[in-house]
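Okay, here's what each chain looks like letter by letter:
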Amino acid sequence: EGPGATSSETTRADHDTTAAPAVSSETDAKRIYDQAYKDLTRGNYSLAILGFREFLQRSGSSDLADNAQYWVGESYSAQRDFSAAIQEFLKVPERWERGDKVPAALLKAGYSYLQLDDRASARKYLNQVIEQFPNSEEAVNAKNKLRSAM
């Protein structure tokens, strides 16, 4: 470590220059995801966002990538930053249109628009869940929200 270098900078630099096998970097990425999820469940939302973004940077094509993106949205939502949450939730269907978190991300985008009192946008995303994923639990939740909040 040089003067002024933090241990996280040194660790990142070491990771970037180390010629580790692919399995090792996948394991590292999974560790980052797991730690970010722990941070989320403990209410450390800023740390969770950083961790999930680092995971996405390393493993954007992983099976967990859409989940990581979704959890970034959840982290902003938990902090009541609904505009940022919407942006993050909508990245899920944009980037992983067949991802398993797409219905949940669209549902949460609708909920977030309701928090911002944008009923037209909320209705759009809640209806999209119902139309695209009619047999999902998210569709049931979207129908209930449309009935109770609209």
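This text goes with the structure placed above it.
The text that follows walks through the structure, step by step, so that each part is easy to find. (Residues numbered from 1 in each chain as written. Predicted model: local features only at pLDDT ≥ 70, side-chain atom pairs only at ≥ 80, totals over all residues. Heavy atoms only, no water.)

## Let's talk about helix H5 (residues 82-95)
Part 1 of the reasoning: Relative to the 20 Å expected for 14 residues at 1.5 Å per residue, H5 spans 20 Å between its end C-alpha atoms, a close match to the ideal helical length.
Part 2 of the reasoning: Among the residues of H5, those classed as buried are Phe82, Ala84, Ala85, Ile86, Glu88, Phe89, Leu90 and Val92.
Part 3 of the reasoning: Those residues of H5 hidden inside the fold are in contact with helix H3 (45-59), helix H4 (65-78), helix H6 (102-115) and helix H7 (119-132). (Helix = DSSP H or I, 4+ residues; strand = E, 2+ residues; numbered from the N terminus. Expected span 1.5 Å × (residues − 1). Buried < 20%, exposed > 50% of the residue type's maximum accessible area, 1.4 Å probe, protein only. Contact = heavy atoms within 4.5 Å.)

## Some thoughts on the pattern of salt bridges
Part 1 of the reasoning: Going through the model one piece at a time under the given rule, you end up with seven salt bridges.
Part 2 of the reasoning: Several salt bridges converge on common partners, so that one network encompasses Arg53, Glu88 and Lys91. (Salt bridge = Lys/Arg side-chain N within 4 Å of Asp/Glu carboxyl O.)

## Comments concerning the nonpolar core
Part 1 of the reasoning: If you look at the biggest cluster of nonpolar residues, it comprises 39 residues, and the most contacted ones within it are Phe52, Tyr70 and Leu90.
Part 2 of the reasoning: Contributions of two or more residues to this core are made by helix H2 (22-41), H3, H4, H5, H6, H7 and helix H8 (137-149).
Part 3 of the reasoning: In terms of residue count, H6 provides more of this core than any other element does, eight residues in total.
Part 4 of the reasoning: What Leu90 contacts, discounting residues up to four positions off in sequence, is Leu106, Ala109, Tyr113 and Tyr125. (Core = buried A, V, L, I, M, F, W, Y, C linked by side-chain atoms within 4.5 Å.)

## Digging into the packing of aromatic side chains
Any aromatic ring pair is given by two values, namely how distant the centres are and how the planes are angled relative to each other.
Part 1 of the reasoning: Evaluation of the coordinates by the stated rule reveals six aromatic pairs.
Part 2 of the reasoning: Here Tyr70 and Trp71 contribute two aromatic rings whose centre-to-centre distance is 5.0 Å and whose plane-to-plane angle is 75 degrees, an arrangement assigned as edge-to-face.
Part 3 of the reasoning: Accessibility expressed as a relative area gives 5% for Tyr70, which makes it buried.
Part 4 of the reasoning: Residue class for Trp71 comes out buried when judged on its relative accessible area of 15%.
Part 5 of the reasoning: Note on Tyr113 and Tyr125: the rings are 5.7 Å apart at their centroids and 5 degrees apart in plane angle, and the pair reads as stacked. Of this pair, Tyr113 sits in helix H6 while Tyr125 sits in helix H7, placing them 12 residues apart in sequence. For the pair Tyr113 and Tyr125, a shared accessibility class is recorded, and that class is buried.
Part 6 of the reasoning: Above the ring of Tyr70, the side-chain terminus of Lys101 is found at 4.5 Å from the ring centroid.
Part 7 of the reasoning: Over the ring of Tyr111 we find Lys145; its NZ or CZ atom is 5.1 Å from the centre of that ring. (Phe/Tyr/Trp six-rings, centres within 6.5 Å; stacked < 30°, edge-to-face > 60°. Lys NZ or Arg CZ within 6 Å of the ring centre and 35° of its normal.)

## Observations concerning H6
Part 1 of the reasoning: The end-to-end C-alpha distance of H6 is 20 Å, a good match for the 20 Å that 14 residues give at a rise of 1.5 Å each.
Part 2 of the reasoning: Among the 14 residues that make up H6, 11 are buried, leaving the element largely enclosed by the rest of the structure.
Part 3 of the reasoning: Along H6, the residues that are buried comprise Val102, Pro103, Ala104, Ala105, Leu106, Leu107, Ala109, Gly110, Ser112, Tyr113 and Leu114.
Part 4 of the reasoning: In the segment just after H6, Asp117 is the residue with positive phi, at about 60 degrees.

## Here's the deal with the packing of H3 against H4
Part 1 of the reasoning: In contact at an axis separation of 9 Å, H3 and H4 are set at 160 degrees when each is read in the N-to-C sense. Classified by the angle their axes make, H3 and H4 are roughly antiparallel. The interaxial crossing formed by H3 with H4 has left-handed handedness. Seen from H3, the contacting residues are Tyr45, Ala48, Ile49, Phe52, Arg53, Phe55, Leu56 and Ser59; seen from H4, they are Ala65, Ala68, Gln69, Trp71, Val72, Ser75, Tyr76 and Ala78. (Axes fitted to C-alpha atoms, helices over the stretch in contact; angles between N-to-C directions. Parallel < 35°, antiparallel > 145°, perpendicular 65-115°, else oblique. Left-handed = near helix turned anticlockwise from the far one by under 90°.)

## Considering the packing of H4 against H5
Part 1 of the reasoning: Close contact between H4 and H5 brings their axes to 7 Å; oriented N to C, the two are set at 165 degrees. Overall, the two elements H4 and H5 adopt an arrangement that is roughly antiparallel. Handedness of the H4/H5 crossing: left-handed. When H4 is examined against H5, the residues Asp66, Gln69, Tyr70, Val72, Gly73, Glu74, Tyr76 and Ser77 are found in contact with a partner set consisting of Phe82, Ala84, Ala85, Glu88, Phe89, Lys91, Val92 and Arg95.
Part 2 of the reasoning: In terms of residue class, the contact of H4 with H5 is made up of eight nonpolar, three polar and five charged. (Nonpolar A, V, L, I, M, F, W, Y, C, P; charged D, E, K, R; others polar.)

So far we have only geometry, and geometry alone does not tell us how the molecule works.
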